[in-house]
Amino acid sequence: MAANNQDQQSQAGRHQEVGHKSLLQSDALYQYILETSVYPREPEAMKELRELTAKHPWNLMTTSADEGQFLNMLLKLINAKNTMEIGVYTGYSLLATALALPDNGKILAMDINRENYELGLPVIQKAGVAHKIDFKEGPAMPVLDKLVEDQKNHGSYDFIFVDADKDNYINYHERLIKLVKVGGLIGYDNTLWNGSVVAPPDASLRKYVRYYRDFVLELNKALAVDSRIEICMLPVGDGITLCRRIK
Ligand code: SAM
Ligand code: CA
C-alpha cells in the first residue's frame, strides 16, 4: 500500500504526456512551427544572417530562428532598453535583440572571438541597428567584475542573455543578479543541453556534451532554489531558463 502511494505521488509529479509534449513530439512538428510562423515573419536581415551563418563550420552554435523570434518578442514585451549578451558568435540573437530595442536602446555584447562577430556585422549594419551595440572582445568575467565594482551599474540592466561558456554560468549568475534590475530578466541558454540533462549515467554522449552537462545540471539545481529570482524553463531551442529578479 505504501509503495502504491509512493508510485501515485511520483506519477503526479510527471508531466501529462497527452496534450503537453506536442512541442517536442517530432522533427516534422518543429519544421511546421518554423515554416508556418517563424520563417514567413522573419525580418530580412535575420534571414540573411541565418543563411550566412549556416555556411560557417561552427553553425551548430547559432540561436535557432524560433528562439530568435521568441527573444525579439520577449524584449518588446518587457520594454527592454539596456541589455547585455554574453556569447555573440555571428550575432543572430544579437540582431534579434537589436531589432527589438528602441533606437536609443543599448546592448553590451561580449565574446572572446571578434572574427565571427565581424562576419555578421555587415548584415547588422545594413539593418541600421549597429549603433545600439557595444561589442567587447575577450572573456566576459573581467568585464562583469568591473561593472559590479561601480555601484551605479547595479540594477541597471533590463535583460541579459547568457549563451557562452556553460562552466561559468554559475559564476556569471552571482554578478548578473546584481547588474539586472529588480523585475528584469536574465535568460540562460541551453539549459536542456541537447536533452542530456536526463541522459542515464552510462549514455554515450559526445565529449563536450558530457563535460558541460554537469555544469548545466548544477546550474539548473542552483536556479531552482535561488530565492532572489522567479524562474521559468522553456523548451525553446535547446532550453532557455528565464530568471526574473525579485529581490
Ligand atoms: N548567441 C549566439 C548566436 O545567437 O549565434 C551563439 C553564441 S555561441 C553558442 C557561444 C559563444 O560564446 C561563442 O561565440 C564563444 O566564442 C563565446 N564564448 C566562449 N567563452 C566565452 C567567454 N568566457 N566570454 C565571452 N564569450 C565566450
Ligand atoms: Ca545557445
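Residues numbered from 1 in each chain as written. Chains lettered and ligands numbered in written order. Predicted model: local features only at pLDDT ≥ 70, side-chain atom pairs only at ≥ 80, totals over all residues. Heavy atoms only, no water.

The name an unreviewed UniProt entry gives the protein is Caffeoyl-CoA O-methyltransferase 1, with Hibiscus syriacus as the organism. Of the protein, the UniProt comment under Sequence similarities (unreviewed entry) reads exactly: "Belongs to the class I-like SAM-binding methyltransferase superfamily. Cation-dependent O-methyltransferase family." (UniProt positions renumbered as here; feature names shortened; annotations may be inferred.)

Focus: the overall build of the protein
Along its length, the protein carries 9 helices and 7 strands. In the protein, which comprises 247 residues, the proportion classed as buried is 42%. Looking at the protein alone, contacts between residues at least 24 apart form 68% of all its contacts between residues at least 6 apart. For the protein, the computed accessible surface area is about 13700 Å², with 54% contributed by carbon and sulfur atoms. (Helix = DSSP H or I, 4+ residues; strand = E, 2+ residues; numbered from the N terminus. Buried < 20%, exposed > 50% of the residue type's maximum accessible area, 1.4 Å probe, protein only. Contact = heavy atoms within 4.5 Å. Areas by Shrake-Rupley, 256 points an atom, 1.4 Å probe, with all protein chains shown as cover.)

Brief notes about empty space enclosed by the protein
Within the structure shown, the criterion is met by 1 cavity of 30 Å³ or more. Looking at the largest cavity, its volume works out to about 30 Å³. The element best represented in the lining of the largest cavity is helix H9 (residues 207-224), accounting for 3 residues. (1 Å grid on protein atoms, 1.4 Å probe; cavity = no way out; pocket = protein on both sides within 12 Å on 5 of 7 lines; lining within 4 Å. Points joined across faces, edges and corners; volume = space filled by probe spheres on them.)

Comments concerning the site of ligand 1
The immediate surroundings of ligand 1 are formed by 18 residues, with Thr63, Gly87, Ser93, Asp111 and Asp163 found nearest. In the environment of ligand 1, an oxygen atom lies 3.4 Å from a nitrogen or oxygen atom belonging to the backbone of Tyr89. In this structure, Asp165 approaches ligand 1 through a side-chain N or O atom, which is 3.0 Å from a nitrogen atom. Considering ligand 1 on its own, with 610 Å² of exposed area, one finds that the protein chains cover 89% of that surface. (Near = heavy atom within 4 Å. Polar contact = N/O pair within 3.5 Å; in protein donor to acceptor, adjacent residues only side chain to side chain.)

With respect to the packing of aromatic side chains
The geometry of an aromatic ring pair is captured by the separation of the ring centres together with the interplanar angle, meaning the angle of the planes. For the coordinates displayed, the defined rule picks out 6 aromatic pairs. Ring geometry for Tyr117 and Phe135: centres 4.0 Å apart, planes at 5°, overall stacked. With Tyr117 in helix H6 (residues 114-126) and Phe135 in strand E3 (residues 133-137), this residue pair connects regions lying 18 residues apart in the sequence. Each member of the pair, Tyr117 together with Phe135, is buried. Ring centres of Trp193 and Tyr208 lie 5.9 Å apart, and the angle between their planes is 85°; on these two criteria the pair is classed as edge-to-face. Placement of the pair is Trp193 in the loop between strand E5 (180-189) and H9 and Tyr208 in helix H9, with a sequence separation of 15 residues. Taking the relative accessible area as the measure of exposure, Trp193 reaches 8% and is therefore buried. Assessed through its relative accessible area of 37%, Tyr208 is described here as partly exposed. In textbook terms, an aromatic cluster arises when at least three aromatic residues are bridged by ring pairs, as seen for Trp193, Tyr208, Tyr211, Tyr212 and Phe215. (Phe/Tyr/Trp six-rings, centres within 6.5 Å; stacked < 30°, edge-to-face > 60°.)

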